[in-house]
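This is what each chain is made of:
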Amino acid sequence: MGKEAVDSSITLCRSCDLVIRKRALPTGVRAICPRCHTSLYDTPYCSINGMLALCLTAIFFFAPANLFPVLELEFLGSVRTTTVIEGALSVYHQGYWLVGIAVLTSAVIAPGLLLLSILMQILIVKYGLSSPSLKTVLKHALKTQGVLTQLTMLEIFVISFLVAAFNLADFATVSFGFGTFCFTMLFVMTLFLMREYDLEHMWSYLDER
């Protein structure tokens, strides 16, 4: 016997297990369980085109955020600048290889892969769902989305820039570089992108096809 088709229009309330049939919702509206009033699902505030704009903007800031200096220190007439990548490599060469790898992964590699993955997902949804091979690629990208999201920790490094500037202000003149601005904008764009991105909604594009 063949496998029964899964009805993706049916959902269960995670609090009271009430069976509910999904309905199309206007943008920004959330469905509520009629029995226990638990939030069930909603539609993303941002369209696919909006997410594409946010993703491309984040990618635009990615390269300068990692290649331009984020901090400039002036101490006793000596000026030293550093980038995020140089900082990670410096920690690695000082013997703290695990910390260096963690910094490089969470600040450079994982964010880059995350943005490229989301860009690929958006483009496939917009233009490539008619291709079985691209649908398979989309499925694999959605499966790895959670791992890339957990590995990306841009907010920690934005906070670390501010903490470092505050702690070193008594000993040296600390200036933020162009890379700091780009890294902050990368964080902001990624933050808004992930706020609008909904994994379940992206899976629904495959279910609809």
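Analysis parameters
Residues numbered from 1 in each chain as written. Predicted model: local features only at pLDDT ≥ 70, side-chain atom pairs only at ≥ 80, totals over all residues. Heavy atoms only, no water. Disulfide = S-S within 2.5 Å. Buried < 20%, exposed > 50% of the residue type's maximum accessible area, 1.4 Å probe, protein only. Helix = DSSP H or I, 4+ residues; strand = E, 2+ residues; numbered from the N terminus. Contact = heavy atoms within 4.5 Å. Polar contact = N/O pair within 3.5 Å; in protein donor to acceptor, adjacent residues only side chain to side chain. Salt bridge = Lys/Arg side-chain N within 4 Å of Asp/Glu carboxyl O. Axes fitted to C-alpha atoms, helices over the stretch in contact; angles between N-to-C directions. Parallel < 35°, antiparallel > 145°, perpendicular 65-115°, else oblique. Left-handed = near helix turned anticlockwise from the far one by under 90°. Nonpolar A, V, L, I, M, F, W, Y, C, P; charged D, E, K, R; others polar. UniProt positions renumbered as here; feature names shortened; annotations may be inferred. pLDDT = per-residue confidence, 0-100.

### Section: the state of the cysteines
Part 1 of the reasoning: Using the criterion set out here, one finds 0 disulfides in the structure.
Part 2 of the reasoning: Take cysteine 16: it sits in no disulfide, and the sulfur closest to it among the cysteines is that of cysteine 33, at 3.6 Å.
Part 3 of the reasoning: Cysteine cysteine 36 remains unbridged, with the sulfur of cysteine 13 as its closest cysteine sulfur at 3.5 Å.
Part 4 of the reasoning: Residue cysteine 36 is classed as partly exposed on the basis of its relative accessible area of 29%.

### Focus on the environment of threonine 152
Part 1 of the reasoning: Secondary-structure assignment places threonine 152 in the loop between α4 (132-151) and α5 (154-168).
Part 2 of the reasoning: Given the relative accessible area of 12%, threonine 152 is considered buried.
Part 3 of the reasoning: When the C-alpha atoms of threonine 152 and leucine 114 are compared, they prove to be 7.8 Å apart, with 38 residues separating the residues in sequence.
Part 4 of the reasoning: Those residues in contact with threonine 152 that lie beyond four places of it in its chain are Ser106, Ala110, Pro111 and Leu114.
Part 5 of the reasoning: Only 2.8 Å separates the side chain of threonine 152 from the backbone oxygen of leucine 148, close enough to count as a polar contact.

### Digging into the side chain of serine 117
Part 1 of the reasoning: Here serine 117 lies in helix α3 (residues 97-128).
Part 2 of the reasoning: Of the residues examined, serine 117 reaches a relative accessible area of 7% and is grouped as buried.
Part 3 of the reasoning: Once residues lying within four places of it in the same chain are set aside, the contact partners of serine 117 are Ala141, Gln145 and Leu148.

### Structural notes on the pattern of salt bridges
Part 1 of the reasoning: Counted by the stated rule, this structure contains 1 salt bridge.
Part 2 of the reasoning: The salt bridge involving arginine 195 is made with glutamate 196; its shortest N-O contact spans 2.8 Å.
Part 3 of the reasoning: Judged by relative accessible area, which is 54%, arginine 195 ranks as exposed.

### Observations concerning the packing of α3 against helix α6 (residues 178-196)
Part 1 of the reasoning: Axis separation between α3 and α6 bottoms out at 12 Å; the angle between their running directions is 45°. With respect to α6, the element α3 is oriented oblique. Of the two elements, α3 crosses α6, and the hand of that crossing is left-handed. Here Ala107, Leu114, Leu115 and Ile118 of α3 come into contact with α6, specifically with Phe183, Leu186, Thr190, Leu193 and Met194.
Part 2 of the reasoning: Looking at the contact of α3 with α6, its residues break down into 8 nonpolar, 1 polar and no charged.

### Digging into the UniProt feature "transmembrane region" (unreviewed entry) in the protein
Part 1 of the reasoning: Taken from the UniProt record, the annotation "transmembrane region" (unreviewed entry) applies to residues 51-71, 96-125, 146-168 and 174-194.
Part 2 of the reasoning: Helix makes up 97% of residues 96-125 and strand 0%, with an end-to-end C-alpha separation of 42 Å.

### A short note on the confidence of the model for the protein
Part 1 of the reasoning: In the predicted model, the protein carries a mean pLDDT of 81, and 79% of its residues have values of at least 70.
Part 2 of the reasoning: Per-element mean pLDDT across the protein ranges from 71 in strand β5 (residues 71-75) up to 93 in helix α1 (residues 48-67).
Part 3 of the reasoning: In the predicted structure, residues 1-7 sits below a pLDDT of 50 and forms 1 contact with residues beyond four places in sequence or in another chain.

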